[in-house]
Structures are given as C-alpha cells and as structure tokens.
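# Residue-level structure breakdown
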Amino acid sequence: MTGSVNLLPKDGEVFLFPGFFTIKESDWYLDQLLKEINWKQEPIVIFGKQVMQPRLTAWYGDEGKLYSYSGITMKPAYWTKVLQEIKRRIESATGHRFNSALLNLYRDGQDSMGWHRDNEKELGIDPVICSVSFGASRKFQLKHGSEKSLRLNIELTHGSLLLMQGSTQHHWLHAIPKTAKPLQVRINITFRYIVD
Ligand SMILES: O=C(O)CCC(=O)C(=O)O
Ligand SMILES: [Mn+2]
C-alpha cells in the first residue's frame, strides 16, 4: 500500500490508513457486525488463573483453522458475507491473504486489551496483521520489548486500517488501555494468516 510511512523508529513496520473506509461504510459495518456476530465474553488463563476477558470476542475464518490463544483453543465460525466483503477489500488493498480473524467488541472505555504480542506459533515467523476499527476512537499503544524508552500511541479511528508486519511482533508489544472517558462501543477486527 502506498501513501503511508512506517510509524516505528526501528525493529518492525506499522502503517496507518485513517480513512480506509468512508464514514458511511464504517457506520454500516459497525451496525451489521453488532447485530450479526455471535459476541461472547470468554475466559483466558493468566499465570495459571482463569479470568474473564475485559471485552467481548469472536473468531471467524476458513474451516479447520484452529487457534490457541492465552490458554484457550478456539474453533472459528465460518465468515459472514459482511466479513468476506471487508476481507476482500483489505486483501486487494494490502496484497496479503488472510484466513482467520479475531473480532473484539469494546463495550465502553472500561473494556480493554492488555499488553501482548501477536506471536502465537500458528501465525508463522513474521506475521502480517491487518487491523480495522469501527466505532469509538481508541488509543492503541506500542512499546518496545527491550528499549523501554521507545513508546508510541496511535489513535485508531472509525474506518481506520492498521497494518503490522516484518519483525514487529518480535520486538514490540501492543495494548488498548482503559479510559475514564465516556465512550461508545468500538469493534476491532484483526485479520491474520494461520500457517498450516
Ligand atoms: O483492538 C485493537 O485495536 C487491538 C486488538 C489486538 O491487539 C488483537 O486482536 O490482538
Ligand atoms: Mn494484538
């Protein structure tokens, strides 16, 4: 994709396309996804303890692509028409193929995602992760794993596309922090490619 610069100072590549989808398209996708996705609050295992995730999630993808994530194994549901349409658009714009997607629903500013890397072994060595956002803007934080002074905040707005690739997942962690602001709902979809 052209017209964007790498936002990372070193050790990976992150590109942002703020208005990838128009406001009108984004409003419609938000509406459809709120209605049709089978949203659930799932447990994860942290330090051997089972806790509920602070957001709702769903997995969609090609048949037979199992995915383990923070101590749980997920069997994805098959793509909906709307997800197939979004996938087709980001595939033609990025030139990358995706066969699975994690959907996150942040109900308000109290829903969040902790620091992590998208480095599950199913994703291969240098995964390409394509993240699209609809609804409330949220702050996406990045921090370098060993150089503690390297930090970056990116505002993920309604209709934005964020691409993480190269060695990013080896060196950088990312998170969506809680905020006290009264926020509306936000949906984020991270498209991934699960290697056989
Ligand atoms: O909601 C976001 O923008 C981040 C989602 C994320 O990091 C993930 O799904 O792994
Ligand atoms: Mn992630």
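The notes below deal with the structure included here. (Residues numbered from 1 in each chain as written. Chains lettered and ligands numbered in written order. Predicted model: local features only at pLDDT ≥ 70, side-chain atom pairs only at ≥ 80, totals over all residues. Heavy atoms only, no water.)

## Considerations on the nonpolar core
Of all hydrophobic cores here, the largest spans 30 residues; its most connected members are Leu 33, Ile 86, Ile 189 and Phe 191. For this core, the elements supplying multiple residues, two or more each, are strand E1 (13–17), helix H1 (23–36), strand E4 (56–61), helix H2 (81–94), strand E8 (100–106), strand E10 (129–135), strand E13 (160–165) and strand E15 (186–192). Beyond its immediate stretch of four places on either side in the chain, Phe 191 contacts Trp 79, Leu 83, Ile 86, Lys 87, Ile 90, Phe 98, Ser 100, Ala 101, Val 128, Ile 129, Cys 130 and Val 132. Counting 23 residues, the second-largest nonpolar core is a separate cluster that includes Leu 102, Leu 123, Ile 154 and Ile 194. (Core = buried A, V, L, I, M, F, W, Y, C linked by side-chain atoms within 4.5 Å. Buried < 20%, exposed > 50% of the residue type's maximum accessible area, 1.4 Å probe, protein only. Helix = DSSP H or I, 4+ residues; strand = E, 2+ residues; numbered from the N terminus. Contact = heavy atoms within 4.5 Å.)

## What about the coordination of the manganese ion (ligand 2)?
Six octahedrally arranged donors around a metal ideally form angles of 90 or 180 degrees; four tetrahedrally arranged donors ideally form angles of 109.5 degrees. The manganese ion (ligand 2) binds to the protein through His 116 (NE2), Asp 118 (OD), Asp 118 (OD) and His 174 (NE2), with metal-donor distances spanning 2.1 to 2.8 Å. Around the manganese ion (ligand 2) sit six donor atoms; with metal-centred angles ranging over 50 to 165 degrees, the donor geometry is irregular. Counting gaps between the donor residues of the manganese ion (ligand 2) yields the pattern H-x1-D-x55-H. Taken together, the positions of Asp 118 in the loop between strand E9 (113–116) and E10 and His 174 in strand E14 (residues 172–176) put the pair 56 residues apart, joining distant regions of the chain. The burial state of Asp 118 is the same as that of His 174; both residues are buried. (Donors = N, O, S within 2.8 Å, 3.2 Å for Na, K, Ca; no water. Tetrahedral: all angles 85-135°; square planar, octahedral: opposite > 155°, others 65-115°.)

## What about the pattern of salt bridges?
Under the counting rule described, the total for this entry stands at six salt bridges. Across the salt bridge formed by Lys 87 and Glu 91, the nearest N and O atoms sit 3.1 Å from each other. One end of the pair is Lys 87 and the other is Glu 91, both in helix H2 and four residues apart, which spans about a single turn. Judged by relative accessible area, Glu 91 falls into the buried class, the value being 14%. In this structure, Arg 107 engages Asp 111 in a salt bridge whose closest nitrogen and oxygen atoms are separated by 2.7 Å. For Asp 111, a relative accessible area of 5% translates into the label buried. (Salt bridge = Lys/Arg side-chain N within 4 Å of Asp/Glu carboxyl O.)

## Brief notes about the site of ligand 1
Close to ligand 1 lie 14 residues, the nearest being Asn 104, Tyr 106, His 174, Arg 186 and Arg 192. The contact in question runs from an oxygen atom of ligand 1 to an N or O atom on the side chain of Asp 118, over 3.1 Å. Taking Arg 186, its side chain carries an N or O atom lying 2.8 Å from an oxygen atom of ligand 1. Taken by itself ligand 1 offers 290 Å² of open surface, and the protein chains cover 99% of this. Of all the secondary structure elements, the ones that give two or more residues to the shell around ligand 1 are E8, E9, E14 and E15. The leading source of residues in the shell around ligand 1 is E15, at four residues. Among the residues making up the shell around ligand 1, the classes are represented as six nonpolar, five polar and three charged. (Near = heavy atom within 4 Å. Polar contact = N/O pair within 3.5 Å; in protein donor to acceptor, adjacent residues only side chain to side chain. Areas by Shrake-Rupley, 256 points an atom, 1.4 Å probe, with all protein chains shown as cover. Nonpolar A, V, L, I, M, F, W, Y, C, P; charged D, E, K, R; others polar.)

## Looking at the sheet that holds E1
Pairing is mixed in the open sheet, where seven strands are placed in the order E1-E13-E10-E15-E8-E4-E7. Strand pairing shows two members of the sheet lacking a second neighbour, E1 and strand E7 (77–78), which therefore form its edges. Sheet analysis places E8 next to E15, joined by seven bridges and oriented antiparallel. Each residue of the ladder has a partner; that of Leu 103, found in E15, is Ile 189. Across the face of the sheet, H2 comes into contact with E4, E7, E8, E10, E13 and E15 while running at roughly 60 degrees to E15. (Pairing = 2+ DSSP bridges. Axes fitted to C-alpha atoms, helices over the stretch in contact; angles between N-to-C directions.)

All we've got here are geometric facts, nothing functional implied.
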